[in-house]
Amino acid sequence: MKTSIFSIIYICLLAMALCACSSAKNKAMFVTDIHSRAAKEYDAANKEISQGNFEEAERLLESSYNMATSIDDIELLSCICIAKYNLKLLYSDEEEKKEAEKFLIEAKEYAFWSENDELLYIISIFEARGAIKLEKDSLTLKEYITKLDKDRKKLSKSPFYLALSYRTSADLYFKTEDYSFAASLYEKAALIHTKNRDLDEIGLNWYYAAISYSKAGEKEKGLESIQNALKYDKDAENISAIIADYKAYSKILLQGNASAEEKSKAESAKLRAEKIENAYLESTKEAAY
């Protein structure tokens, strides 16, 4: 997930008279302060989600939600509801997944009141992603592909979400087992995120491109893609992603008739993943004391 899910429009309130200017300025500063704190906790929550720390993410989202509600920050509230929707879908418990639907509905309600025309199109991306998590049938997934293709031109001014739209379509094609085309869309998303300097997202696109190429039997492209994933995930210091990259690297190397050198590299990559994971666990233990 991106550090920021929706582009928040900052509104500057101006006053016509000098006596009103002082009051309006103070009010604007107060509202901006609450928005900033709410947005900061929202961003932190998304970071926690990406690292698998769901309980902390829930706490941060609830705190952010309450602050955003207090100032009726409609766009941020829509963002938070989508984050809650995504989070609920990550749980294996079926009741949690059912509860996710109410957050999607709430996000759409806030979007209805927003002046940001892109917001509903952005929400539709996450709804499509949810369809995958909810294991919808192939026909439904193809309907989402068609909708995303149609809506994509409406996101031309928002490169982050444009890239996310391509990645979501790639996810849908992957789910329907069209691995080669999925890989091409992951690459397209990676290039847009790179141009837009969305560091936290680039590696993820390359990781899934690698998995897709591997599934399609294109080993060399898979290895090239996973090396790209490693580069960007290291730049982002995304520990869980680095571990996943090395594990995937090891598996792709062993694909097909692996040479002795590839087998050796695969074992080395597997050991590196274990070493990084153990070091991370030890560092978290030390931080707890």
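### What to know about the nonpolar core
- Counting 79 residues, the largest nonpolar core has L61, L76, L172 and I226 as its most contacted members.
- When residues of this core are assigned to their parent elements, the largest contribution, ten residues, is made by helix α3 (residues 74-90).
- Here L61 is in contact with Y42, A45, I49, I80, A83, K84 and L87, once residues within four sequence places are set aside.

### Let's talk about the packing of aromatic side chains
- Evaluation of the coordinates by the stated rule reveals seven aromatic pairs.
- Both rings, one in Y186 and one in Y208, keep their centres 5.7 Å apart while their planes meet at 25°; by these two values the pair is stacked. Remark: Y208 occurs in helix α9 (residues 199-215) and Y186 occurs in helix α8 (residues 179-195); sequence separation between them is 22 residues.
- Of the residues examined, Y208 reaches a relative accessible area of 33% and is grouped as partly exposed.
- Between Y207 and Y208, the ring centres sit 5.2 Å apart and the planes meet at 75°, which makes this aromatic pair edge-to-face.
- Above the plane of the ring of Y65 lies K84, whose end atom (NZ or CZ) is 4.3 Å from the centre.
- It is R152 that lies over the ring of Y166; its NZ or CZ is 4.3 Å from the centre.

### Structural notes on unusual backbone geometry
- Not every positive phi belongs to a glycine, and E177 is a case in point at roughly 70°.
- Take E177: it is sitting in the loop between α7 (159-175) and α8.
- Among the residues examined, E177 registers a relative accessible area of 58% and is labelled exposed.

### Some remarks on the confidence of the model for the protein chain
- Per-residue confidence for the protein chain gives a mean pLDDT of 86, with 88% of residues at or over 70.
- Low pLDDT, under 50, characterises residues 1-29; the predicted model gives this stretch 47 contacts beyond four residues in sequence or across chains.

### Considering α3
- Compared with an ideal rise of 1.5 Å per residue, which puts 17 residues at 24 Å, α3 spans 25 Å between its outermost C-alpha atoms and is within 8% of the ideal.
- Taking burial as the measure, the 17 residues of α3 include 15 buried ones, the bulk of the element.

### Digging into the packing of α3 against helix α4 (residues 94-113)
- Here α3 crosses α4 at 165°, and the two axes come no closer than 8 Å. As far as their axial angle goes, α4 and α3 are roughly antiparallel. Two packed elements cross with a definite hand, and for α3 against α4 that hand is left-handed. Packed against α3, whose contacting residues are I74, L77, S78, C81, I82, K84, Y85, K88 and L89, the element α4 presents E96, K97, E99, A100, E101, F103, L104, E106, A107, Y110, A111 and W113 at the interface.
- For the contact of α3 with α4, the residue count by class is 13 nonpolar, one polar and seven charged.

### Points about the side chain of K88
- Within the secondary structure layout, K88 lies in helix α3.
- Each residue touching K88, except ones within four places of it in the same chain, is listed here: E58, E96, K97, E99, A100 and F103.

### Let's talk about the pattern of salt bridges
- Going through the model one piece at a time under the given rule, you end up with 17 salt bridges.
- One salt bridge in this structure joins K147 and D151, with 2.9 Å as the shortest N-O distance. Within this pair, K147 and its partner D151 are both found in helix α6 (residues 138-151), separated by four residues, close to a single helical turn.
- Judged by relative accessible area, which is 39%, K147 ranks as partly exposed.

### Remarks on the side chain of S212
- Considering the arrangement of structural elements, one finds S212 in helix α9.
- Aside from chain neighbours lying at most four places away, what touches S212 is F174, Y179, A182, A183 and Y186.

### Brief notes about α6
- Helix length check: α6, at 14 residues, gives a terminal C-alpha distance of 20 Å against a target of 20 Å (1.5 Å per residue), a fit within 8%.
- Of the residues making up α6, those classed as buried are T140, L141, Y144, I145, L148 and D151. Seen end-on, α6 carries its buried residues on one side only, within an arc spanning 150°. Along α6, the residues that are exposed and aim more than 90 degrees away from the buried face are L139, T146 and K150.
- Contact partners of the buried residues in α6: α5 (119-133) and α7.

Calculation notes
- Residues numbered from 1 in each chain as written.
- Predicted model: local features only at pLDDT ≥ 70, side-chain atom pairs only at ≥ 80, totals over all residues.
- Heavy atoms only, no water.
- Core = buried A, V, L, I, M, F, W, Y, C linked by side-chain atoms within 4.5 Å.
- Buried < 20%, exposed > 50% of the residue type's maximum accessible area, 1.4 Å probe, protein only.
- Helix = DSSP H or I, 4+ residues; strand = E, 2+ residues; numbered from the N terminus.
- Contact = heavy atoms within 4.5 Å.
- Phe/Tyr/Trp six-rings, centres within 6.5 Å; stacked < 30°, edge-to-face > 60°.
- Lys NZ or Arg CZ within 6 Å of the ring centre and 35° of its normal.
- pLDDT = per-residue confidence, 0-100.
- Expected span 1.5 Å × (residues − 1).
- Axes fitted to C-alpha atoms, helices over the stretch in contact; angles between N-to-C directions.
- Parallel < 35°, antiparallel > 145°, perpendicular 65-115°, else oblique.
- Left-handed = near helix turned anticlockwise from the far one by under 90°.
- Nonpolar A, V, L, I, M, F, W, Y, C, P; charged D, E, K, R; others polar.
- Salt bridge = Lys/Arg side-chain N within 4 Å of Asp/Glu carboxyl O.
- Arc of directions from axis to C-beta.

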